[in-house]
Amino acid sequence: MGEVELSCLAYVKMYLHACLFPRCSVNGLLLSSSPAGGAVCVTDCVPLLHTHLPLAPITQLALTQVDVWCAQTQQRIVGYYQANACVSDSSPTPCALKIADKIAEQCNNAVLLMIDGGKMSPDYRVPPIVMYERKDTRWTLKDKHTIMLRQWEETRDIASQLLDSGDHSLLVDFDSHLDDITRDWTNQKLNAKIAELASPANDNLGVCQLGNPVLR
Amino acid sequence: GFDNWNVLIIVFTEMRDKLRKWREDNHRNSEQIVDVGEELINEHASKLGDDIWIIYEQVMIAALDCSRDDLAWTCLQELKRQFPGSQRVKRLAGMRLEALEKYEDASKQYDSILQDDPTNTAARKRKISILKAQGKSAEAIRELNEYLEQFVGDQEAWHELSELYINEHDYGKAAFCLEELMMTNPHNHLYCEQYAEVKYTQGGLENLELSRKYFAQALKLNNRNMRALFGLYMSASHIAACPKVNATVKKANVRYAAWATNQINRAYQVSHAMCCVLLKQ
């Protein structure tokens, strides 16, 4: 079955990461602050790279750093996301599969998420994402009905607002951190901005609560 | 009154100078260029003199980047009117077709430029960009290799080729391109560091040692290159941990890794960076 819920916080940052570097492939890690077992709740994400995704050193470095941070903050790495530069092809690249495999070694029901660049415009009413899960040794497409995004309309609106206001430039990925180490790749500032925009009813942005499936 | 007039002149010259700097640095900050450029064109065209034509070109390209076809079209019309039959303007028209994803039409446009001028490198590179945009990496690589046989000194092309090879996981060929770049640009720390990353990715003891050397070289050229610093730490650590190495090599690499750890921790402390690296020895 393998239900997966994607929080507003995780979705917005992933989406903004893709928007911030429209000409590059970007990737990042999906995190969960929920305990293992049962549904996978993606409560946050860490944007990683926008250059040289297939090269090893910085990816290895980032994985180690995020691992350490997760241990300190009671989170786990539960997945990987990527948005390809070429919008006509949103299938996982070899490097995406490699990194996702590595994550799956530590996390049973890890997910691989591809952002479909061709469906990111405001005309699309559903989240522009495609999810894969590991069945035997292959990554297979997940049944849409097992993927949940609580309060999708509000999430989508928050992402649009941040894009319009130019606040998406607040987002720091690991690559940007290496260019200027004073920049915070855990994105506390942006998290606060996202929390500001969310309604009081949705103040548990990073918390999962299985609701009605939105993806059809 | 007089004060307002002064302020306007200052604002205008600032805007024009900004655009010039971005042109000279080949900055692709398209949203800013559109912001500043559109206002300059709409409000201050008369003051720009002959600069206006190069500004139309700059703003047009930026407009294409931002999906502002209305603005791109306006700029293109002005340029067509002023420079009828110009190859340079023809290329801009081709770029607009690319932005509209009319790749066949764009390609025909560039072919017509090449018919009149077979050495027009801009048109050839645009054709390769079309292949890239269509996801035809193998073809793009083939065309770019052919191009480089003729124009062997084109740095931008060598770098583009290295990027294409990296995306195809053809690290050996990517390394070759970077070697060309390092030869002609021995003081460029970025090429050294990218070469080191490719070598590290290829793996194996020999490549790891090469990667360590080139991370070190990148640091010599720019001691603030954090990727090179981390790369040095990681490559040296891996070599030291390799069962195949003798005691001397192991000792040396342990020393390199320790030095790198020190430098990294200092860099983070000095910059009061929030995210501290936990590098233990």
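Residues numbered from 1 in each chain as written. Chains lettered and ligands numbered in written order. Predicted model: local features only at pLDDT ≥ 70, side-chain atom pairs only at ≥ 80, totals over all residues. Heavy atoms only, no water.

1. A few points about the UniProt feature "domain: MPN" (unreviewed entry) in chain A
For step 1, the next point in the chain: UniProt records the feature "domain: MPN" (unreviewed entry) at residues 4-138 of chain A, using the numbering of this structure.
For step 2, the next point in the chain: Between the end C-alpha atoms of residues 4-138 of chain A the distance is 18 Å, and the span holds 32% helix and 30% strand. (UniProt positions renumbered as here; feature names shortened; annotations may be inferred. Helix = DSSP H or I, 4+ residues; strand = E, 2+ residues; numbered from the N terminus.)

2. Side note on the interface of chain A and chain B
For step 1, the next point in the chain: The interface of chain A with chain B comprises 25 residues on the first partner and 31 residues on the second.
For step 2, the next point in the chain: For the pair chain A and chain B, the summed buried surface comes to about 2,400 Å²; carbon and sulfur atoms form 66% of the total.
For step 3, the next point in the chain: Summed over the shared surface of chain A and chain B, the number is three salt bridges.
For step 4, the next point in the chain: Note that Asp179 of chain A is salt-bridged to Arg227 of chain B, the shortest N-O span being 3.0 Å.
For step 5, the next point in the chain: Counting across the interface, chain A meets chain B through eight residue pairs in polar contact (both at pLDDT 80 or more).
For step 6, the next point in the chain: Where the side of chain A that touches chain B is concerned, the elements lending two or more residues are helix H2 (56-72), helix H3 (94-106) and helix H5 (174-179) of chain A. (Contact = heavy atoms within 4.5 Å. Buried area = accessible area lost by both parts, 1.4 Å probe. Salt bridge = Lys/Arg side-chain N within 4 Å of Asp/Glu carboxyl O. Polar contact = N/O pair within 3.5 Å; in protein donor to acceptor, adjacent residues only side chain to side chain.)

3. Description of the packing of aromatic side chains
For step 1, the next point in the chain: Enumeration according to the criterion identifies 10 aromatic pairs over all chains in this entry.
For step 2, the next point in the chain: When the ring of Tyr195 of chain B is compared with that of Tyr214 of chain B, the centres are 4.7 Å apart and the planes differ by 75°; the resulting orientation is edge-to-face. Of the two residues, Tyr195 of chain B sits in helix H11 (residues 189-202) while Tyr214 of chain B sits in helix H12 (residues 205-221), which places them 19 residues apart along the sequence.
For step 3, the next point in the chain: With relative accessibility at 4%, the residue Tyr195 of chain B sits in the buried group.
For step 4, the next point in the chain: Members of the aromatic cluster, joined through ring pairs, are Tyr11, Tyr15 and Trp152 of chain A.
For step 5, the next point in the chain: A cation sits over an aromatic face here: Lys47 of chain B above Phe12 of chain B, 5.3 Å from the ring centre.
For step 6, the next point in the chain: Residue placement shows Arg255 of chain B over the ring face of Tyr256 of chain B; its charged tip is 6.0 Å from the ring centre. (Phe/Tyr/Trp six-rings, centres within 6.5 Å; stacked < 30°, edge-to-face > 60°. Buried < 20%, exposed > 50% of the residue type's maximum accessible area, 1.4 Å probe, protein only. Lys NZ or Arg CZ within 6 Å of the ring centre and 35° of its normal.)

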